[in-house]
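So the chains spell out like this:
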Amino acid sequence: MTDFITDSTRNRLIEGVHAAGQEVMAIYRRDFAIEEKADASPLTEADMASHHALVGLLEAITPKVPILSEESAEIRYETRQTWQRYWLIDPLDGTKEFISHNGEFTLNVALVEDGVPVLGIVHAPALESGPATWWGQHGQGAYKRENGGDDQPIHARALPDPQAEPWKIIGSRRHGAEIFEAFCQRLPAHECVSMGSSLKLCLVAEGNADLYPRLAPTSEWDTAAAQAVVTAAGGQVLNVETLEPLRCNQQDSVLNPFFIVCGQRDQRWENALRESVA
């Protein structure tokens, strides 16, 4: 499926994403301009600097593979639906976190084949603990690289007995609080943690969280890279309505349905989910 992405190619990609992250950090450390997009969401110099760096990287390494970026000109679905393979990137996921200087933003790069994210790189350059990168590839597993160290394998964990260890539920800092709270009220013993950007999916992938219900709008570029990491780590990213895996590029809109990220399916949270979104 991703045979053309060799170990050498993937390492070049990760190094290139890290270089883009360094450009983002140079802007993060100084005053920067903030604009407003047509949908009223913020856009910074860092969004565009990362966009240009990542597009340049991908065009240099895989010149024949099309690219869809959040910050690129709109590409009509009539064109996109002909793509069997393409890059899907969010140059700066968590722009509001970037503006708030809380470090919870990421650079996201995903390779999508036949609607399925099969390779994902998620880079967080500003965490308090130091830069971290999660990557996952179909057939190769999932890994985390911290502070320039070696790749360490990661795995989504089995749900613990909630009486012995409360489930850890991840929520968004800014979206969908009412439905999220209704869902949590129906769960066994648990604790909730709020976080920004695609870091939430990565916590499930590395076994440091059990569930991330996203019950508010997102776009495919927000989730595809981290979805590849989650699935390579043995977890799942499921449509709330169908409990089928999220797919990309299936329609004109790039909006995702509501979804839930889990290490494994379980009737207890499935019932809670069904009742809270009814």
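Each remark here, short or long, concerns the structure printed above.
Residues numbered from 1 in each chain as written. Predicted model: local features only at pLDDT ≥ 70, side-chain atom pairs only at ≥ 80, totals over all residues. Heavy atoms only, no water.

Caption draft 1: Layout of the overall build of the protein chain. Across its full length, the protein chain carries eight helices and 14 strands. Its C-alpha atoms give the protein chain a radius of gyration of 18 Å, near enough to 19 Å, the size a compact globule of 278 residues would have. Overall, the protein chain is about 50 × 40 × 40 Å in size when its C-alpha atoms are taken along their principal axes. Expressed as a percentage of its 278 residues, the buried residues of the protein chain come to 56%. Sequence-distant contacts, at least 24 apart, represent 61% of the contacts inside the protein chain between residues at least 6 apart. (Helix = DSSP H or I, 4+ residues; strand = E, 2+ residues; numbered from the N terminus. Rg over C-alpha atoms; globule rule 2.2 N^0.38 Å. Buried < 20%, exposed > 50% of the residue type's maximum accessible area, 1.4 Å probe, protein only. Contact = heavy atoms within 4.5 Å.)

Caption draft 2: Just the pattern of salt bridges, in detail. Enumeration over the complete set of coordinates arrives at 14 salt bridges. Lys144 serves as the salt-bridge partner of Glu146, at 3.7 Å between the closest nitrogen and oxygen. Since its relative accessible area comes to 40%, Glu146 is described here as partly exposed. On the accessibility criterion, Lys144 (15% relative accessible area) is buried. Across the pair Glu165 and Arg157 runs a salt bridge whose closest N-O atoms are separated by 2.8 Å. On the basis of relative accessibility, which here comes to 26%, the residue Arg157 falls in the partly exposed class. Bridged by salt links that share partners, the residues Lys37, Glu70 and Glu71 form one connected network. (Salt bridge = Lys/Arg side-chain N within 4 Å of Asp/Glu carboxyl O.)

Caption draft 3: Layout of unusual backbone geometry. Non-glycine residue His101 carries a positive phi angle of around 60 degrees. Summarising the element assignment, His101 is placed in the loop between α4 (95-100) and β5 (106-113). Relative accessible area serves as the criterion here: at 43%, His101 is assigned to the partly exposed category.

Caption draft 4: Quick look at the nonpolar core. Leu88, Trp134 and Val261 are the most contacted members of the largest nonpolar core, which totals 35 residues. Broken down by secondary-structure element, the contributors of at least two residues to this core are β4 (85-93), β5, β6 (116-124), β7 (132-137), α6 (199-205), α7 (220-232) and β14 (259-262). Here Trp134 is in contact with Gly120, Ile121, Val122, Ala124, Leu127, Tyr143, Lys144, Ile154, Leu199, Cys202, Glu206 and Val229, once residues within four sequence places are set aside. Ile5, Ile27, Leu92 and Ala126 belong to the second largest nonpolar core, which has 32 residues in total. (Core = buried A, V, L, I, M, F, W, Y, C linked by side-chain atoms within 4.5 Å.)

Caption draft 5: Quick peek at the packing of helix α1 (residues 7-28) against helix α2 (residues 45-61). Running from N to C, α1 and α2 point in directions that differ by 160 degrees, and their axes come no closer than 9 Å. One finds that α1 runs roughly antiparallel with respect to α2. As for how α1 packs across α2, the hand of that crossing is right-handed. Where α1 abuts α2, its residues Thr9, Arg12, Leu13, Gly16, Val17, Ala20, Glu23, Val24 and Ile27 lie against Glu45, Ala46, Ala49, Ser50, Ala53, Leu54, Leu57, Leu58 and Ile61. The residue makeup of the contact of α1 with α2, split by class, is 12 nonpolar, three polar and three charged. (Axes fitted to C-alpha atoms, helices over the stretch in contact; angles between N-to-C directions. Parallel < 35°, antiparallel > 145°, perpendicular 65-115°, else oblique. Left-handed = near helix turned anticlockwise from the far one by under 90°. Nonpolar A, V, L, I, M, F, W, Y, C, P; charged D, E, K, R; others polar.)

Caption draft 6: Here's a closer look at the sheet that holds β7. Here seven strands make up an open sheet; going across it, the order is β3-β4-β5-β6-β7-β8-β9 and the pairing mixed. Each edge of the open sheet carries a strand with a single partner, namely β3 (67-69) and β9 (152-154). Going across the sheet, the axis of each strand differs from the next one's by a mean of 20 degrees, ignoring polarity. Where α2 meets the sheet, it contacts β3, β4 and β5, and its direction lies at approximately 155 degrees from that of β4. (Pairing = 2+ DSSP bridges.)

Caption draft 7: Examining the packing of aromatic side chains more closely. Counting across every chain of the model gives seven aromatic pairs. Note on Phe98 and Phe105: the rings are 5.0 Å apart at their centroids and 75 degrees apart in plane angle, and the pair reads as edge-to-face. Each member of the pair Phe98 and Phe105 is classed as buried. Ring geometry for Trp135 against Tyr143: centres 4.7 Å apart, planes inclined by 25 degrees, an arrangement best described as stacked. A connected cluster of aromatic rings, assembled from ring pairs, spans Tyr28, Phe32, Phe98 and Phe105. (Phe/Tyr/Trp six-rings, centres within 6.5 Å; stacked < 30°, edge-to-face > 60°.)

Keep in mind that these numbers describe shape and distance, not what the molecule does.
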